[in-house]
Amino acid sequence: MILTIDHGAVRELRLNRPPANAFSPELIVALKQAVESAPQDGARALVLSGALGRFSAGLDVPLLLTLDRPAMADLWREFYALLRALALAPIPIAAAITGHATAGGTVLPIFCDCRIAAHGDWKMGLNEVQVGLPLPPVILSGLKRLVGARQAERLAVGGLLISPDEAAHIGLVDEVVPLDQVVSRAVEWSRSLIALPVDAMAATRRCARADLFELFAASFNLELDQVSATWWSPEAQTTLRVLVDRLARRKA
């Protein structure tokens, strides 16, 4: 589910769960472990990428709708642990957004250090509200950190999906480059950081990301209970099942 490609000291973790790189419980756990183990393996920076044209569709809703309450509670805990691993990683992480990146596909890049997106006719954004789910507070906080309170409100409350060019305009991504250059540009950015004096870069990075350290220092028990409860709400379950039925008809 994850391809590991080393570009010297820069390790690329490529999501490889076709067709949409949607997050299953197993993929979430595997990605968290890959992020946490990379520095121990000698990697000095990470690039998180996906398939050409498709970064990730976020949570695998059809699969998740088959899970019971304890399994869903475990999934949310592991997903928050993955976000924490990205946010608090001791090495820089660049997201190479290789195409469509909806919901969780946008969430992961939010907690990386840098976001390089591909040119193209594709969308990214946090469309949770469209499928009956409130945006979890920790994700809204990460979004505000990137785009400011007003843009975060506009994107989150409306569940908007936007083009890569608009994402760059409002600061949701840092650069937009041709599709065949997304990964190489992310690797280049990573190499530029690790070429700097090591201690000075690392200390400054820790200061710059101190707000993320503070965010993830808090207990998420209450928030996780609320997120789990909203997943099982009648509105969310109805909306999610309508979405799954619509997707199934498209494939038929």
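Our subject is the structure listed above.
A few points on the structure. (Residues numbered from 1 in each chain as written. Predicted model: local features only at pLDDT ≥ 70, side-chain atom pairs only at ≥ 80, totals over all residues. Heavy atoms only, no water.)

1. Description of the sheet that holds strand 7 (residues 114-118)
Stage number 1. Spatially, six strands are ordered 1-2-3-5-7-9 in an open sheet, and the strand pairing comes out mixed. Two strands close off the open sheet at either side, each with one partner strand: strand 1 (2-7) and strand 9 (175-177). With strand direction ignored, the average angle separating the axes of adjacent strands in the sheet is 20°.
Stage number 2. Here strand 7 pairs with strand 9 via three bridges, running parallel. By the bridge assignment, Ala118 is partnered in strand 9 with Val177.
Stage number 3. In the packing of helix 8 (residues 182-194) onto the sheet, contacts are made with strand 1, strand 2 (10-15), strand 3 (45-49), strand 5 (93-97), strand 7 and strand 9, and the angle to strand 5 comes to roughly 165°. (Pairing = 2+ DSSP bridges. Helix = DSSP H or I, 4+ residues; strand = E, 2+ residues; numbered from the N terminus. Axes fitted to C-alpha atoms, helices over the stretch in contact; angles between N-to-C directions. Contact = heavy atoms within 4.5 Å.)

2. A closer look at the pairing of strand 2
Stage number 1. Counting buried positions along strand 2 gives five out of six residues, so the element sits mostly inside the fold.
Stage number 2. Examined bridge by bridge, strand 1 and strand 2 share six bridges and lie antiparallel to one another. Paired with His7 across the bridge in strand 2 is Val10.
Stage number 3. Of the strand pairs in this sheet, strand 2 and strand 3 are connected by five bridges, and their pairing is parallel. The residue of strand 3 that forms the bridge with Arg14 is Ser49.
Stage number 4. Where the polypeptide runs from strand 2 across helix 1 (residues 25-37) and back to strand 3, its parallel neighbour, the crossover connection is right-handed. (Buried < 20%, exposed > 50% of the residue type's maximum accessible area, 1.4 Å probe, protein only. Right-handed = clockwise from strand over helix to strand, strands pointing away.)

3. What about the side chain of Ser190?
Stage number 1. Mapped onto the secondary structure, Ser190 falls in helix 8.
Stage number 2. Assessed through its relative accessible area of 0%, Ser190 is described here as buried.
Stage number 3. In this structure the side chain of Ser190 is engaged in a polar contact, spanning 2.9 Å, whose partner is the backbone oxygen of Ala186.
Stage number 4. Apart from the residues lying within four places of it in its own chain, the contact partners of Ser190 are Val10, Ala45, Leu46, Val47 and Ala94. (Polar contact = N/O pair within 3.5 Å; in protein donor to acceptor, adjacent residues only side chain to side chain.)

4. Some thoughts on the pattern of salt bridges
Stage number 1. By the definition in use, this model includes 14 salt bridges.
Stage number 2. Lys32 serves as the salt-bridge partner of Glu36, at 3.6 Å between the closest nitrogen and oxygen. Placement of the pair is Glu36 and Lys32 together in helix 1, with a separation of four residues, close to one helical turn.
Stage number 3. With a relative accessible area of 40%, Glu36 lands in the partly exposed category.
Stage number 4. The class for Lys32 is buried, based on a relative accessible area of 16%.
Stage number 5. When salt bridges with common partners are traced through the structure, they connect Asp6, Arg11 and Asp41 into a single cluster. (Salt bridge = Lys/Arg side-chain N within 4 Å of Asp/Glu carboxyl O.)

5. Quick word on the pairing of strand 3
Stage number 1. The buried fraction of strand 3 amounts to five of the five residues, a majority that puts the element mostly inside the structure.
Stage number 2. A two-sided burial pattern is seen for strand 3, the buried positions comprising Ala45, Val47 and Ser49 on one face and Leu46 and Leu48 on the other.
Stage number 3. As judged from the three bridges shared by strand 3 and strand 5, these two strands associate in the parallel manner. Among the inter-strand pairings, Leu48 is bridged to a residue of strand 5, identified as Ala95.

6. Concerning the sheet that holds strand 6 (residues 99-102)
As a general point, the strands of a sheet are linked pairwise by backbone hydrogen bonds and lie either parallel or antiparallel.
Stage number 1. Taken in spatial order, the three strands line up as 4-6-8 in an open sheet, and their pairing is parallel. Each edge of the open sheet carries a strand with a single partner, namely strand 4 (53-56) and strand 8 (124-125).
Stage number 2. Pairing of strand 4 with strand 6, which is carried by three bridges, proceeds in the parallel orientation. Each residue of the ladder has a partner; that of Ser56, found in strand 6, is Ala101.

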